[in-house]
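Chain by chain, the residues run as shown.
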Amino acid sequence: MTAASDQATQLRRGVVEACILGLLAGEPMYGWQLSERLIGDGAIIGSIGTLYPVLARLRERGEVTSYEVPSDSGPPRRYYELTDAGRHTLHRFRGEWMLFTAAVDRYITPGDA
Amino acid sequence: MTTTDNYLAELDALLGGVDPAIRNGLVDGIREELAGMSAADAAQRLRELGDPAFVAASARAELPQPNTARPEDPAWYSIATVLMITIGGYVIPVLGWLVGIVMLWASKTWTVGQKVVGTLLPVVGVAVPAAIFLPAYTVSETIIDGRTIESTGGPMPWQVGLAVLLTVGAVIAWFAGWIWLLVAAERARRR
């Protein structure tokens, strides 16, 4: 792994939980749906395999819960939705993220340092 | 078995040992998406997912890494062990020493070599008083009616010298050994 890709991996790892909380704040979503969004929009995760351990952590912390919706075409779909604790975590993260990105921007933007 | 079944079976096998909540969540999450699709569409989706080994490796990379650091004894345990074998062996003869030896070998911090040295050190401790009285063994006395009639032998100067040398050596080795073991334990804890 190159230094640049390692750096990107570390950055993504730090925000993947918040991104999932952010997506679920809009609407409950099922695993595949979440995975497509996270892979497609800016490659927050590299594979659906990454998603489920993160979802398991969020569920353990009570920030996300899940429920099954019966399907006509096969097995029921499992949907994930935000809990109040998850909404609170997301709200706190938004505040920290804005301060964090503003500070990093100041350091790395040419001529602004 | 269909391509989807094969893929999911392989992925499930590759996730052996992973928390069932994660393992089943991932496998079922893919299964529910592909259910009802034509074989061609499902195969296309599976190609987009990538090799099962890649998906499984991604899941494992996200799991908390097991702590590979060797657990170490707390400082009090190392000190208590050394005290048990040294002073404990004299306060409660034999038993104190045995407890110390058991604590020594149950230690997670000392290496096998250090434990062997620690086990042998009390022997050095016993050798100290033995060495002190060594010159006395060379004296033979003839006692009649409680009076010493004849006293022969007695330590030769070299025997006295040897006794002093052994005693000093044993005391130094004894103390140095225990300090060395305590320092080794402290270094292991700081690593």
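Structure: above.
Residues numbered from 1 in each chain as written. Chains lettered and ligands numbered in written order. Predicted model: local features only at pLDDT ≥ 70, side-chain atom pairs only at ≥ 80, totals over all residues. Heavy atoms only, no water.

Draft legend 1. View of the overall build of chain A. For chain A, the helix and strand inventory stands at four helices and three strands. For chain A, the α and β elements follow one another from N to C terminus as α-β-α-α-β-β-α. Looking at chain A as a whole, 35% of its 113 residues are labelled buried. For chain A, the proportion of contacts with a sequence separation of at least 24, taken over those separated by at least 6, is 44%. Accessible surface, chain A as shown: approximately 6700 Å² in total, 55% of it carbon and sulfur. (Helix = DSSP H or I, 4+ residues; strand = E, 2+ residues; numbered from the N terminus. Buried < 20%, exposed > 50% of the residue type's maximum accessible area, 1.4 Å probe, protein only. Contact = heavy atoms within 4.5 Å. Areas by Shrake-Rupley, 256 points an atom, 1.4 Å probe, with all protein chains shown as cover.)

Draft legend 2. Region of the structure containing the nonpolar core. Membership of the largest hydrophobic core comes to 40 residues, with the highest contact counts inside it found for I20 and L34 of chain A together with L11, L26 and I30 of chain B. Element by element, the count of residues in this core is highest for helix α3 (residues 48-60) of chain A, at seven residues. In contact with I30 of chain B, not counting residues within four places along its chain, are W32 and I48 of chain A together with Y7, L8, L11, L46 and L49 of chain B. In this structure, I85, L104, W110 and W174 of chain B belong to the second largest nonpolar core, which totals 11 residues. (Core = buried A, V, L, I, M, F, W, Y, C linked by side-chain atoms within 4.5 Å.)

Draft legend 3. Inspection of the sheet that holds strand β2 (residues 64-69) of chain A at higher detail. Residues and elements named next belong to chain A. Pairing is antiparallel across the open sheet formed by three strands, whose spatial order is β1-β3-β2. Unpaired on one side and paired on the other, β1 (29-30) and β2 mark the two borders of the sheet. Two elements, β2 and strand β3 (residues 77-82), share six bridges in a ladder whose sense is antiparallel. Following the sheet pairing, V64 is matched in β3 by L82. (Pairing = 2+ DSSP bridges.)

Draft legend 4. Representation of the pattern of salt bridges. The full count for this structure, using the stated rule, is 14 salt bridges over all chains. Ionic pairing is found between E62 of chain B and R57 of chain A, a salt bridge with its closest N-O pair at 3.0 Å. Pair noted here: E62 of chain B is in helix α4 (residues 52-62) and R57 of chain A is in helix α3, and the two residues belong to different chains. On the accessibility criterion, R57 of chain A (24% relative accessible area) is partly exposed. Here E63 of chain A ties to R61 of chain A by a salt bridge, and the two come within 3.2 Å at their closest N and O atoms. For E63 of chain A, a relative accessible area of 8% corresponds to the buried category. R61 of chain A sits in the partly exposed class, given a relative accessible area of 43%. Taken together, the shared-partner salt bridges in this structure form one network comprising R13, E17, R57, R61 and E63 of chain A together with E62 of chain B. (Salt bridge = Lys/Arg side-chain N within 4 Å of Asp/Glu carboxyl O.)

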